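What follows is the residue order along each chain.
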Amino acid sequence: MFDWIFDAFVWIVRLLLYNLLGTAIEKVFYWPGWAMLRLLTLGHYPPARGLPHNRFAVALLAAVAIASGLLMALM
């Protein structure tokens, strides 16, 4: 009977957790990702301050690179 209330609550909690995780990844991994992309693209991306770019994509690159490096080191 109250399944829809529980489903709505779970949906809201899941949405909040995804937003929190996305923000945490962006805050922790943006600067390492910025440095990696600057080296890989020879200074072309990410652009200088003030120009719009996808900060989450930059941070996600660093998170994936660090996670895969740790996995390769542990294997």
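This write-up is about the structure you can find in this document. (Residues numbered from 1 in each chain as written. Predicted model: local features only at pLDDT ≥ 70, side-chain atom pairs only at ≥ 80, totals over all residues. Heavy atoms only, no water.)

1. Some remarks on the overall build of the protein
Check the secondary structure of the protein and you find two helices and zero strands. Relative to the globule expectation of 11 Å for 75 residues, the C-alpha radius of gyration of the protein, 17 Å, shows a markedly less compact shape. For the C-alpha atoms alone, the extent of the protein along its principal axes is close to 60 × 40 × 15 Å. Across the 75 residues that make up the protein, the buried fraction comes to 13%. A total accessible area of about 6200 Å² is found for the protein, and carbon and sulfur atoms account for 76% of it. (Helix = DSSP H or I, 4+ residues; strand = E, 2+ residues; numbered from the N terminus. Rg over C-alpha atoms; globule rule 2.2 N^0.38 Å. Buried < 20%, exposed > 50% of the residue type's maximum accessible area, 1.4 Å probe, protein only. Areas by Shrake-Rupley, 256 points an atom, 1.4 Å probe, with all protein chains shown as cover.)

2. Thoughts on helix α1 (residues 3-40)
Phe29 marks where α1 bends most, by close to 55°; the proline Pro32 follows one to four residues later. Listed as buried for α1 are Gly22, Ile25, Tyr30, Gly33 and Leu37. Tucked inside the fold, the buried residues of α1 contact α2 (55-74). Downstream of α1 by one or two residues, Leu42 has phi in the positive range, about 55°. (Bend = angle between axes of the 7 residues up to and from the residue. Contact = heavy atoms within 4.5 Å.)

3. What to know about the packing of aromatic side chains
Tallied over the full model, the rule gives two aromatic pairs. Judged by centre distance (5.0 Å) and plane angle (75°), the rings of Tyr30 and Trp31 are edge-to-face. Residue class for Trp31 comes out partly exposed when judged on its relative accessible area of 48%. Three or more aromatic residues link up through ring pairs in this structure, and these residues are Tyr30, Trp31 and Trp34. One Lys or Arg, Arg55, reaches over the ring of Tyr30 and ends 3.9 Å from the middle of that ring. (Phe/Tyr/Trp six-rings, centres within 6.5 Å; stacked < 30°, edge-to-face > 60°. Lys NZ or Arg CZ within 6 Å of the ring centre and 35° of its normal.)

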